[in-house]
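Spelled out, the chains give:
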Amino acid sequence: MWQELYRLTYRYFSGLGLTREDAEDLAQETLVAAYLHLDGVRPGKLRAWLFTVARHKYIDWLRRSPKGVVLVNFPAEELTDGVRGPEEAALAGAVRETVAAALNRLSPPERTLLALKYNLGLNTQEIASVLKIKPGTVKVRLFRARQKFKEEFIKLWEG
């Protein structure tokens, strides 16, 4: 059972764009937390509860991580509407690399905001609660982070 739960949490973290090492570390942290608090989980709710723990571990990791966070992890076919020729695959790879490079030019707080919004799908109120700032501040900072990302992406893409 624990090996399957480890695989699930590892895939969750790697799907969020974490490196192999970070995904392994967070999967292990999640399982340790799950084991220590297993008595509080309702029967049949283990997986849902485990992903809630994993989500919180990811948020904590974002807060403390000075590293570049790659916020997108999408298959190339999503960019090409299922057409899988060599040109489309090359373009999709170039877009993915440019997105990652543009994101890594943002400050850690900007990347954290974008990760909370787009990786985890949190709304403004939830982000404000996580970061302990006002919702209006979240809106302004998100707007600025998106603008800066757009500028960085265009600079890199147009080279």
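Cut-offs applied
- Residues numbered from 1 in each chain as written.
- Predicted model: local features only at pLDDT ≥ 70, side-chain atom pairs only at ≥ 80, totals over all residues.
- Heavy atoms only, no water.
- Axes fitted to C-alpha atoms, helices over the stretch in contact; angles between N-to-C directions.
- Helix = DSSP H or I, 4+ residues; strand = E, 2+ residues; numbered from the N terminus.
- Parallel < 35°, antiparallel > 145°, perpendicular 65-115°, else oblique.
- Contact = heavy atoms within 4.5 Å.
- Nonpolar A, V, L, I, M, F, W, Y, C, P; charged D, E, K, R; others polar.
- Buried < 20%, exposed > 50% of the residue type's maximum accessible area, 1.4 Å probe, protein only.
- Arc of directions from axis to C-beta.
- Polar contact = N/O pair within 3.5 Å; in protein donor to acceptor, adjacent residues only side chain to side chain.
- Phe/Tyr/Trp six-rings, centres within 6.5 Å; stacked < 30°, edge-to-face > 60°.
- Core = buried A, V, L, I, M, F, W, Y, C linked by side-chain atoms within 4.5 Å.

Student: Summarise the packing of helix H5 (residues 108-119) against helix H7 (residues 135-158); cite the residues concerned and give the values.
Tutor: Between H5 and H7, the least distance of the axes is 9 Å, while the angle of their chain directions is 105°. In terms of axis orientation, H5 runs roughly perpendicular to H7. Between H5 and H7, the contacting residues are Glu110, Leu113, Leu114, Lys117 and Tyr118 on the first element and Val138, Arg141, Leu142, Ala145, Arg146 and Lys148 on the second. Residue composition of the contact of H5 with H7, by class: six nonpolar, no polar and five charged.

Student: Break down helix H6 (residues 124-131) for me, with residues and values.
Tutor: The periodicity of an α-helix, 3.6 residues per turn, causes residues three or four positions apart to be oriented the same way. All buried positions along H6 are accounted for by Ile127, Ala128 and Val130. End-on, the buried residues of H6 take up no more than an arc of 165°, which puts them together on one face. Of the exposed residues in H6, the ones pointing more than 90 degrees away from its buried face are Gln125 and Ser129. Turning to H6, the residues buried within the fold contact helix H3 (46-64), H5 and H7. Between the side-chain oxygen of the N-cap and the backbone nitrogen of Gln125 there are 3.0 Å, and the N-cap of H6 in question is Asn123. Two residues or fewer after H6 comes Lys132, characterised by a positive phi angle close to 60°.

Student: Lay out the packing of aromatic side chains in plain terms, naming residues and giving numbers.
Tutor: All told, the structure shown has six aromatic pairs when counted by the stated rule. For the ring pair Tyr6 and Tyr10, a centre distance of 6.3 Å and an interplane angle of 20° mean the geometry is stacked. Linking Tyr6 with Tyr10, this pair stays in helix H1 (residues 2-15), spanning four residues, or about one helical turn. When its relative accessible area of 25% is taken as the criterion, Tyr6 is described as partly exposed.

Student: Which residues make up unusual backbone geometry, and what values do they have?
Tutor: Non-glycine residue Lys132 carries a positive phi angle of around 60°. Mapping Lys132 onto the fold places it in the loop between H6 and H7. Since its relative accessible area comes to 69%, Lys132 is described here as exposed.

Student: Break down the nonpolar core for me, citing the residues and quoting the values.
Tutor: Grouped together as the largest cluster of nonpolar side chains are 29 residues, with contacts concentrated most on Phe13, Leu18, Tyr58, Leu116, Leu120, Leu122 and Ile127. Elements with a minimum of two residues in this core: helix H2 (20-36), H3, helix H4 (86-104), H5, H6 and H7. For this core, the leading source of residues is H3, giving five residues. Sequence-distant contacts of Leu18, that is, excluding residues within four places in its chain, are made with Phe13, Ala23, Leu26, Tyr58 and Trp61. Counting residues in each nonpolar core, the second largest holds seven residues, with Leu5, Leu31, Ala34 and Leu50 among its members.

The values reported here are purely geometric and, on their own, carry no functional implication.
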